[in-house]
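# Working through the structure, step by step
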Amino acid sequence: MEKSNVQVPLRERDISSTKDISQAVITRLPRYFRYLGDLKDAGVERISSQELSRIMRVTASQVRQDFNHFGGFGQQGYGYNVEYLYVEIAKILGLNQLHRLIIIGAGNLGQALANYMNFEKRGFIITGIFDINTELIGEKIRNIPIQPMEKMKSFVQENDVDIAVLTVPKSSAIKVAEQLVECGIRGIWNFAHIDLEVPDNVLVENVHLSDSLMKLSYLISK
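Everything numeric here is computed off the predicted structure, so don't read it as measured data.

Of all five residues in strand E6 (residues 144-148), four are buried, a share of seventy percent or more. With three bridges joining them, strand E4 (residues 124-131) and E6 adopt parallel strand pairing. Considered in E6, the bridge of Phe130 is made with Gln147. Across two bridges, strand E5 (residues 140-141) lies against E6 in antiparallel orientation. By the bridge assignment, Ile141 is partnered in E6 with Ile144. In this structure, the hairpin formed by E5 and E6 is closed by a connection of two residues, where Arg142 is found at a positive phi of approximately 50°.

See below:
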């Protein structure tokens, strides 16, 4: 009997165990998404686990194991439909819905992030920018006015903000994080040089740029 190429939508898959998925798998998902997007743009319609493994620099077995956490997406003898897999991984990553962001700290890094257009292509919409520097208040970045911190709480609650991007100095990061928790923020993308302690219902992704640079320094010095 000929194998069907009909794919099972994510919502119908058995993904009851996804909460136990390792951080290593979660870390690979954005890379799968990025590479599949490149393949889709190049007109590639399907790909095998072996071909995908070479791009990802992991084993074909690892590729299959990663996808099996979400019910599996391929078919023996056919491989993976690139566009379908791209869409399904987008759903897993929550990219099929809009996420509203605010940026706390309108310095060089905050402004650079606010000007990064690819966020919007992925569904991350920057809705507000806040700072304590009175000289910056009222200035606009991509037509988004910089507002005083005093307005942050009401803005978050009135605009259904999901994620706060924290680009403030280490000395003020803890206080700002506490304010964000009080506002009901669900996630913090933290660029401050400090690891934040927040309630379990608030997720934090720490981005320590100097740590990454020191890792590179270590590798090239060997």
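From this point, things continue past the structure.
For helix H8 (residues 170-183), which comprises 14 residues, the first-to-last C-alpha distance of 20 Å matches the rise-based estimate of 20 Å (1.5 Å per residue) to within 8%. Of all the positions in H8, only Ala173, Val176, Ala177, Leu180 and Cys183 are classed as buried. Viewed along the axis of H8, the buried residues span an arc of 115°, placing them on a single side of the element. Among the exposed residues of H8, those pointing more than 90 degrees away from its buried face are Ser171, Lys175 and Glu182.

A grouping of Leu213, Leu216, Tyr218, Leu219 and Ile220 is seen on the molecular surface, where their side chains present a nonpolar patch of about 570 Å² in accessible area. With respect to the helices and strands, the residue Leu219 is situated in helix H9 (residues 209-221).

Right, let's get into the packing of aromatic side chains. Taken as a whole and assessed by the stated rule, the structure comprises eight aromatic pairs. Here Phe67 and Phe73 contribute two aromatic rings whose centre-to-centre distance is 5.6 Å and whose plane-to-plane angle is 80°, an arrangement assigned as edge-to-face. The exposure classification of Phe67 matches that of Phe73, with both residues buried. Summarising the aromatic geometry, the rings of Phe67 and Tyr80 are spaced 5.2 Å apart at their centres and angled 80° between planes, so their arrangement reads as edge-to-face. Residue Phe67 is found in helix H3 (residues 60-68), and its partner Tyr80 is found in strand E2 (residues 80-81); the two are separated by 13 residues along the sequence. The exposure classification of Phe67 matches that of Tyr80, with both residues buried. Through a chain of ring-to-ring contacts, the aromatic side chains of Tyr32, Phe67, Phe73 and Tyr80 assemble into a single cluster. The ring of Tyr35 has Arg34 sitting right over it, with the charged end atom 5.0 Å from the ring centre. In this structure, Lys40 packs its charged tip against the face of Tyr86, placed 4.9 Å from the ring centre.

Cut-offs applied
- Residues numbered from 1 in each chain as written.
- Predicted model: local features only at pLDDT ≥ 70, side-chain atom pairs only at ≥ 80, totals over all residues.
- Heavy atoms only, no water.
- Buried < 20%, exposed > 50% of the residue type's maximum accessible area, 1.4 Å probe, protein only.
- Helix = DSSP H or I, 4+ residues; strand = E, 2+ residues; numbered from the N terminus.
- Pairing = 2+ DSSP bridges.
- Expected span 1.5 Å × (residues − 1).
- Arc of directions from axis to C-beta.
- Patch = residues over 30% accessible without salt bridge, like charges linked within 9 Å, V, L, I, M, F, W, Y side chains within 5 Å.
- Areas by Shrake-Rupley, 256 points an atom, 1.4 Å probe, with all protein chains shown as cover.
- Salt bridge = Lys/Arg side-chain N within 4 Å of Asp/Glu carboxyl O.
- Phe/Tyr/Trp six-rings, centres within 6.5 Å; stacked < 30°, edge-to-face > 60°.
- Lys NZ or Arg CZ within 6 Å of the ring centre and 35° of its normal.

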